[in-house]
Amino acid sequence: MKRNLLASLGAMIIAVTAASPSIAQTPQPVELKGDVKVRQRVKENGAEKQILAEPKVVVPGDTLLFTTAYRNVSSQAVKNFIITNALPGGVALAPEGAAAQIVSVDGGKTWGALGTLSVTGNDGTKRPANAGDVTHLRWILTEIKPGVAGEVTYLALVR
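Just so you know, these numbers come straight off a predicted model, no measurement behind them. (Residues numbered from 1 in each chain as written. Predicted model: local features only at pLDDT ≥ 70, side-chain atom pairs only at ≥ 80, totals over all residues. Heavy atoms only, no water.)

## With respect to the overall build of the protein chain
The condition is simple: Going along the chain from the N terminus, every DSSP run of H or I of four or more residues is numbered as a helix, and every run of E of two or more is numbered as a strand. When a residue's accessible area, from a 1.4 Å probe over protein chains only, is under 20% of the maximum for its type it is buried; when over 50% it is exposed; and in between it is partly exposed. In what follows, a contact means two residues having at least one pair of non-hydrogen atoms within 4.5 Å. Computed by Shrake-Rupley with a 1.4 Å probe, the accessible areas treat only the displayed protein chains as cover when residues are assessed.
Helices and strands together make up the secondary structure of the protein chain, namely one helix and 14 strands. With 159 residues in all, the protein chain has 36% of them scored as buried. Sequence-distant contacts in the protein chain: of pairs separated by 6 or more residues, those separated by 24 or more amount to 74%. When the accessible surface of the protein chain is split by element, carbon and sulfur atoms take 53% of a total near 9300 Å².

As structure tokens, this is what we get:
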């Protein structure tokens, strides 16, 4: 079944927190911009290759690349800046690269490497968490110097 990107993913939510609670009450020194692309296979001159395209329509199994670009727009270095992305409801974290991420499988209450987390099934038994259980991803940027820009990314599969 084809799904419109806006309907299936909802709004991409980028929640940003910082080490100091006072930052939340003042203008942010770091600008953030979210983007999403879909991986597509195309034939060019008889050869098949993968490209990233604007996701007009996505279907279950499509791979999406979510990107959060950041830029320090202040004149001061920003230390311990945290970017937290909630996975949209219509997607699951792709297993590819999942082990290297800081994730939560409980709505952002606890964090760790995927291999260290567990979930409780409907029958009450615990099992190791897998990429499909991830609800949030987090990146901790130790220092962003003035004017410095970069990006964090993750792959997700349309459910």
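## Some points on the nonpolar core
This is how it is decided: Side-chain atoms within 4.5 Å link the members of a nonpolar core, which is a set of buried Ala, Val, Leu, Ile, Met, Phe, Trp, Tyr and Cys residues.
Formed by 31 residues in total, the largest nonpolar core has its most connected members in Leu64, Leu93, Leu114, Val134, Leu137 and Tyr154. For Leu137, the contacting residues outside a window of four places in its chain are Ile83, Thr84, Asn85, Leu87, Leu93, Gln101, Ile102, Val103, Trp111 and Tyr154.

## Considering unusual backbone geometry
One non-glycine residue, Asn45, lies in positive phi territory at about 55°. When you line up the elements, Asn45 lands in the loop between β3 (30-44) and β4 (47-53). Positive phi, normally seen in glycine, also occurs at Asn80, with a value near 55°.

## Side note on the pairing of β3
The condition is simple: A pair of strands is considered paired only if DSSP assigns at least 2 bridges between the two.
Both β3 and strand β6 (residues 63-72) contribute to a ladder of nine bridges, which runs antiparallel. Across the sheet, the residue bridging to Lys33 is Ala69, located in β6. Of the pairings in the sheet, the one linking β3 to β4 comprises seven bridges and is antiparallel in character. Looking across to β4, one finds that Arg39 is bridged to Leu52. Here β3 folds back onto β4 in antiparallel fashion, the turn holding two residues, of which Asn45 has a positive phi close to 55°.

## Describing the environment of Pro55
Here Pro55 lies in the loop between β4 and β5 (57-58). Pro55 sits 18 residues away from Lys37 along the chain, and the two C-alpha atoms are 5.7 Å apart.

## As for the environment of Pro60
Mapped onto the elements, Pro60 comes out in the loop between β5 and β6. According to the relative accessible area criterion, Pro60 is partly exposed, its value standing at 38%. Sequence separation between Pro60 and Gly90 is 30 residues, and the spatial gap between their C-alpha atoms is 9.0 Å.

## So, the confidence of the model for the protein chain
We apply this condition: The pLDDT value tells you how sure the predictor is about a given residue, anywhere from 0 up to 100.
Looking at the protein chain as a whole, the pLDDT averages 87, with 84% of positions reaching at least 70. Of the regions scoring below 50 in pLDDT, residues 1-23 engages in 51 contacts with residues more than four places distant in sequence or in other chains.

## Let's talk about the sheet that holds β6
Threshold: The axes used here are C-alpha line fits, helices contributing only the stretch in contact, and every angle between their N-to-C directions lies in the interval 0 to 180 degrees.
The strand order β4-β3-β6-β14-β8 describes an open sheet built from five strands, whose pairing is antiparallel. Strands with a single pairing partner mark the edges of an open sheet, and in this sheet they are β4 and β8 (91-93). Strand-to-strand twist across the sheet, computed as the mean angle between neighbouring axes with direction ignored, equals 35°. In this structure, β8 lies alongside strand β14 (residues 149-158), joined through three bridges in antiparallel fashion. When the bridges of β14 are listed, Ala92 appears paired with Leu157.

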